[in-house]
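As a plain string of letters, each chain reads:
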Amino acid sequence: MKAEYDVIVVGAGPAGSMAARFAAEKGVSVLILEKDRDVGYPVRCGEAVSKAGIEEFLRPDPKWIASSIDKFSLISPDGSEVIIQFSETGYILERRVFDYELAKMAASCGAEILTRAYVSGLITEGGRVTGVKYQFRGEEKQLRAKVVIAADGVESRLGRWAGLKTYVDFRDMESCAQVTASNIKVDPNTCYFYFGKDVAPEGYLWVFPKGNCSANIGLGVSGLTGKKRSAVSYLNSFMEKNFPDAPTLTSIAGGVPCSVTLERISAPGIMLTGDAARQVNPLSGGGIISGMIGGSIAGRIAAEAVISNKPDYIMTYDKAWNDRLGRRHEIFNRIKNGIYNFSDEKFDSIAHSFLKVSKDKRTLGSLFRTALFNQPSLLLDVAKVFLG
Amino acid sequence: MLMIEILPGKCDFCGCCVGVCPEDAIELKEAEIRIIEELCTNCCKCVWSCPFETLKFNKKETTRLEFES
Ligand SMILES: Cc1cc2nc3c(=O)[nH]c(=O)nc-3n(C[C@H](O)[C@H](O)[C@H](O)COP(=O)(O)OP(=O)(O)OC[C@H]3O[C@@H](n4cnc5c(N)ncnc54)[C@H](O)[C@@H]3O)c2cc1C
Ligand code: SF4
Ligand code: SF4
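Nothing here was measured: the structure is a model prediction, and the numbers come from that model.

A. The arrangement of the overall build of chain A in detail. When you go through chain A residue by residue, the secondary structure sums to eleven helices and 16 strands. For chain A, the C-alpha atoms occupy an extent of roughly 65 × 45 × 40 Å along the three principal directions. Sorting the 388 residues of chain A into buried and exposed places 58% on the buried side. Accessible surface for chain A amounts to roughly 16600 Å². Of this, 52% is attributable to carbon and sulfur atoms. Positive and negative side-chain charges in chain A, numbering 48 and 43 respectively, have mean positions lying 2 Å apart.

Here's what the structure looks like:
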């Protein structure tokens, strides 16, 4: 280990490892600090990603792909099932291996990694972040860095310590429960989504196949729902009703910040990325790819700031992110707010009208059009997504 | 006066509660969670957001502030 680093990344999830890789690639010194013993474990994730999203950064490898997806099945509250076939595929990852792979890629570019290192505070001088305080094997330590990248996940506290407003409105936090279960007899190439107030109010339930009759089955509900009934209670009811004989391999809790990105994701000496910056797609709740994109931008800009010796160059990160995805997420968020208010009857009537569309014309686009007929006010927001 | 209780054995250390706490009053480590009494305002947002029913609001003061697995 060095006495100080150009860039310190906190958190070894997808966003942190990508930030470290993109910074290290440019030749600056990088250290990742991760509080857990193992990179990639525990897995708090449904593990679904798009193929195109992955391919932007690495070549798909069977060792971290549990299954390939080419169909979506959407199930409305009355049980009507709409199946959509894709030409583009997606994957269900084995994130335990995938996260490891991303960290190894960062390491092979020169980044160092220290696990079991809990970051407990920031060093600041004259309003600028100049390093981190951390606990490692019972000892309190400090390390200085030119740039700190906070990739510390949904539970992020680093941004607040730097004076940014980072907490998520409890209504926008999808609180999630998920099991990985076996003996789940579903199509191995289809992702299933269930909607409705009995299943997952203001959210959805997913069944993502992982091969060998196992699947990730989970759901998210907003904090507003959580006031009355918890995520795990909804999940238990669903499992009892639909998969009563499915042994549980793992069971996890988790939170997904389904909101727009934070107003500020950089401040002097510090940048935020991934869940910590609330860079999740607020409509789908997917944060792997968007976190990797955010991390790659943050890492690149951090390295450029160090190399050019212009510390304030890191503040260009906010705009770079907003241009790439941030503004899209604002629109997705408005669509989410529209859809989450749909009643069960509306979901049913969308499914019924969609089932009248001939099979070969059932695409996500035509589903969207059907949904829009039911909620014309969403049209404007959707138009904005497509017009950029 | 802290009125939020951490029920033993239920926490999954997922961080959902930390993400919604407006006061930065929750400290979460690998398998350790603690509510920082001086910062907590008993607003209950963490209770509503916990997927696993780990947190509980009590009308009187709680004594159990931390839990380690
Ligand atoms: C139930 C569930 C299902 C999901 N399903 C999907 C899905 O199907 N597809 C998808 O794309 N996304 C999904 N997501 C979202 C996705 O998991 C996250 O968006 C993604 O993991 C974010 O990556 P990240 O690198 O920002 O954070 P994380 O992967 O959470 O990594 C943050 C890291 O920081 C570490 N850390 C935190 N604090 C500290 C500290 N103080 N010191 C040191 N280290 C620290 C943590 O230990 C952790 O390793 C799901 C989330 C949940 C909860
Ligand atoms: S108290 Fe609940 S929300 Fe907080 S870390 Fe534990 S399980 Fe997650
Ligand atoms: S009650 Fe409110 S202030 Fe206290 S820990 Fe929970 S969310 Fe934070």
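Back to the text.
B. The packing of helix α1 (residues 14-24) of chain A against helix α3 (residues 95-108) of chain A, seen in detail. Residue and element names in this part refer to chain A. It is at 8 Å that the axes of α1 and α3 come closest, and there the two elements cross at 20°. Put simply, α1 runs roughly parallel to α3. Helix-helix and strand crossings are classified by hand; for α1 and α3 the assignment is left-handed. On α3, the residues touching Pro14, Ser17, Met18, Ala20, Arg21 and Ala24 of α1 are Arg95, Asp99, Leu102, Ala103, Met105 and Ala106. Residue composition of the contact of α1 with α3, by class: eight nonpolar, one polar and three charged.

C. Spatial organisation of the sheet that holds strand β11 (residues 190-194) of chain A. Residue and element names in this part refer to chain A. Pairing is mixed across the open sheet formed by eight strands, whose spatial order is β3-β5-β4-β11-β12-β13-β10-β14. Two strands close off the open sheet at either side, each with one partner strand: β3 (48-50) and β14 (248-257). Taken pair by pair, the neighbouring strands of this sheet meet at an average axis angle of 30°, ignoring direction.

D. Inspection of the side chain of Ser230 of chain A at higher detail. Along the chain, Ser230 of chain A falls in the loop between α5 (223-226) and α6 (231-242). When its relative accessible area of 7% is taken as the criterion, Ser230 of chain A is described as buried. The residues touching Ser230 of chain A, leaving out its near neighbours within four places in the chain, are Cys50, Pro51 and Glu53 of chain B.

E. The arrangement of the domain arrangement of chain A in detail. When cut into domains, chain A gives domain 1 (4-44 + 96-169 + 259-327), domain 2 (68-91 + 170-257) and domain 3 (336-386). Measuring from the centre of the C-alpha atoms in domain 1 of chain A to the corresponding centre in domain 3 of chain A gives 37 Å.

F. Focus on the state of the cysteines. Summed over the entire model, instances satisfying the criterion amount to zero disulfides over all chains. In this model Cys176 of chain A remains outside any disulfide bridge; the closest cysteine sulfur is found in Cys16 of chain B, 7.1 Å from its own.

G. Representation of the site of ligand 1. All names here are of chain A. Taken together, 36 residues form the shell around ligand 1, and within it Glu34, Gly46, Ala48, Arg95 and Asp275 come nearest. In the environment of ligand 1, a nitrogen atom lies 3.0 Å from a nitrogen or oxygen atom belonging to the backbone of Gly287. Protein chains shield 90% of the accessible area of ligand 1, which is 1000 Å² for the free molecule. Among the elements of the structure, α1, β7 (117-125), β12 (205-209) and β14 are those that each provide at least two residues to the shell around ligand 1. Residues belonging to the shell around ligand 1 are distributed by class as follows: 17 nonpolar, ten polar and nine charged. Here the shell around ligand 1 spans two domains, and each of domain 1 (4-44 + 96-169 + 259-327) and domain 2 (68-91 + 170-257) adds at least three residues to it.

H. Representation of the interface of chain A and chain B within the structure. In this complex, chain A contributes 31 residues to the contact, which on the side of chain B involves 25 residues. Counting each side, the surface lost to burial between chain A and chain B is near 2400 Å², with a carbon and sulfur contribution of 56%. When residues of chain A are sorted by the area they lose upon contact with chain B, Arg157, Arg160 and Phe170 of chain A head the list and together hold 22% of the total. Remark: the boundary between chain A and chain B carries four salt bridges. Notably, a salt bridge pairs Glu27 of chain B with Arg157 of chain A, separated by 3.9 Å at the nearest N-O pair. At the boundary of chain A and chain B, one finds 14 residue pairs in polar contact (both at pLDDT 80 or more).

I. Just the packing of aromatic side chains, in detail. Residue and element names in this part refer to chain A. Counting across every chain of the model gives 13 aromatic pairs over all chains. Where Phe193 meets Tyr204, the ring centres are 5.4 Å apart and the plane angle is 65°; that geometry is what we call edge-to-face. Taken together, the residues Phe193 in strand β11 and Tyr204 in the loop between β11 and β12 connect sequence positions eleven residues apart. Here Phe193 matches Tyr204 in class, with each residue buried. Note on Tyr204 and Trp206: the rings are 6.0 Å apart at their centroids and 70° apart in plane angle, and the pair reads as edge-to-face. Residue classification places Tyr204 among the buried residues on the basis of a relative accessible area of 17%. Trp206 gets classed as buried once you look at its relative accessible area, which sits at 10%. Grouped by ring-pair contacts, the aromatic residues Phe72, Phe193, Phe195, Tyr204, Trp206, Phe208, Phe342 and Phe347 constitute a single cluster.

J. Main features of helix α9 (residues 344-355) of chain A. Residue and element names in this part refer to chain A. Spanning twelve residues, α9 covers 17 Å between terminal C-alpha atoms, matching the ideal 16 Å at 1.5 Å per step. All buried positions along α9 are accounted for by Asp344, Phe347, Asp348, Ile350, Ala351 and Phe354. Projected onto a plane normal to the axis of α9, the buried residues spread over an arc of 160° and lie on a single side.

K. Representation of the site of ligand 3 in the model. Every residue near ligand 3 is listed here: Ile4, Cys21, Pro22, Glu23, Ile26, Cys40, Thr41, Asn42, Cys43, Cys44 and Cys46 of chain B. Classifying every residue of the shell around ligand 3 gives eight nonpolar, two polar and one charged.

Basis of the calculations
Residues numbered from 1 in each chain as written. Chains lettered and ligands numbered in written order. Predicted model: local features only at pLDDT ≥ 70, side-chain atom pairs only at ≥ 80, totals over all residues. Heavy atoms only, no water. Helix = DSSP H or I, 4+ residues; strand = E, 2+ residues; numbered from the N terminus. Buried < 20%, exposed > 50% of the residue type's maximum accessible area, 1.4 Å probe, protein only. Areas by Shrake-Rupley, 256 points an atom, 1.4 Å probe, with all protein chains shown as cover. Lys, Arg positive; Asp, Glu negative; His and termini not counted. Charge placed at Lys NZ, Arg CZ, Asp CG, Glu CD. Axes fitted to C-alpha atoms, helices over the stretch in contact; angles between N-to-C directions. Parallel < 35°, antiparallel > 145°, perpendicular 65-115°, else oblique. Left-handed = near helix turned anticlockwise from the far one by under 90°. Contact = heavy atoms within 4.5 Å. Nonpolar A, V, L, I, M, F, W, Y, C, P; charged D, E, K, R; others polar. Pairing = 2+ DSSP bridges. Domains from an automatic or database assignment. Disulfide = S-S within 2.5 Å. Near = heavy atom within 4 Å. Polar contact = N/O pair within 3.5 Å; in protein donor to acceptor, adjacent residues only side chain to side chain. Buried area = accessible area lost by both parts, 1.4 Å probe. Salt bridge = Lys/Arg side-chain N within 4 Å of Asp/Glu carboxyl O. Phe/Tyr/Trp six-rings, centres within 6.5 Å; stacked < 30°, edge-to-face > 60°. Expected span 1.5 Å × (residues − 1). Arc of directions from axis to C-beta.

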